[in-house]
Amino acid sequence: MSLVAAAARASRTRAPRANLCQLQARRCLGETTTGPAPLDIKANVKPAIEFFTKDPVSYTEFKQQCSSLRIFAFIGVNAAIVTSLFLDPPKSSYWRTYSPLYLLSSIGGAFGSKQPLFLTEKVEREVDVPDVYKQLTLSRRLEGAAEEEEEEH
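Definitions and limits used
Residues numbered from 1 in each chain as written. Predicted model: local features only at pLDDT ≥ 70, side-chain atom pairs only at ≥ 80, totals over all residues. Heavy atoms only, no water. Phe/Tyr/Trp six-rings, centres within 6.5 Å; stacked < 30°, edge-to-face > 60°. Buried < 20%, exposed > 50% of the residue type's maximum accessible area, 1.4 Å probe, protein only. Helix = DSSP H or I, 4+ residues; strand = E, 2+ residues; numbered from the N terminus. Expected span 1.5 Å × (residues − 1). Arc of directions from axis to C-beta. Contact = heavy atoms within 4.5 Å.

K.L.:
So what's going on with the packing of aromatic side chains? Which residues, and what values?
P.N.:
Enumeration over the complete set of coordinates arrives at 2 aromatic pairs. Measuring from ring centre to ring centre gives 5.2 Å for F51 and F52, while their planes differ by 90 degrees; the resulting arrangement is edge-to-face. Judged by its relative accessible area of 30%, F51 falls in the partly exposed class. Among the aromatic residues, ring-to-ring pairing joins F51, F52 and F62 into one connected group.

K.L.:
Mind laying out helix α2 (residues 41-53), listing which residues take part and the relevant values?
P.N.:
The end-to-end C-alpha separation of α2 is 19 Å, in line with the 18 Å expected for 13 residues at 1.5 Å each. N44, P47, A48 and E50 are the residues of α2 that are buried. For α2, the buried positions fall inside an angular range of 155 degrees around the axis, keeping them on one side. Exposed residues on α2 whose side chains face more than 90 degrees from its buried face are K42, K46, F52 and T53. Along its buried surface, α2 packs onto α3 (59-87).

K.L.:
Kindly report on unusual backbone geometry, identifying the contributing residues and their values.
P.N.:
Of note in this structure, R140 is not a glycine but carries a positive phi near 60 degrees. In this fold, R140 is placed in the loop between α6 (129-139) and α7 (145-152).

K.L.:
I'd like to hear about the environment of A43, residue by residue, with values.
P.N.:
Structurally, the position occupied by A43 is in helix α2. You can call A43 partly exposed: its relative accessible area is 29%. When the C-alpha positions of A43 and S68 are compared, they lie 8.7 Å apart, and in sequence the two are 25 residues distant.

Printed below as a string of structure tokens:
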């Protein structure tokens, strides 16, 4: 027998074994796609309502009811969270700066800004910095600060 004939014969006998291995590796769990598409809201309403009104006959029917109900539960929870944030927003400065309500005013402020972004002239202050430094280093107090504290109490 020639080498070519032996290789051809071996390839014909091994082919079914490879297919057999592939068949044994398949798990066949029965998880085929059934029921309406996950994002088809109209088709998922009926199985979601049946979750509360009808006892499922099989596991696949129960699984479909749960899958259909999951979409509406997700929408309901997110709507409740958004409503809660709108009615009772957090008191943090981060929320006040980046909340959706501030977004509209920040977009409007970007186009119609009345104050320039950078200073156009030098800012003048009424504080004598060398004098304040001298008071704090010598006596660790400012001269007028003690009188203001007594008036507050």
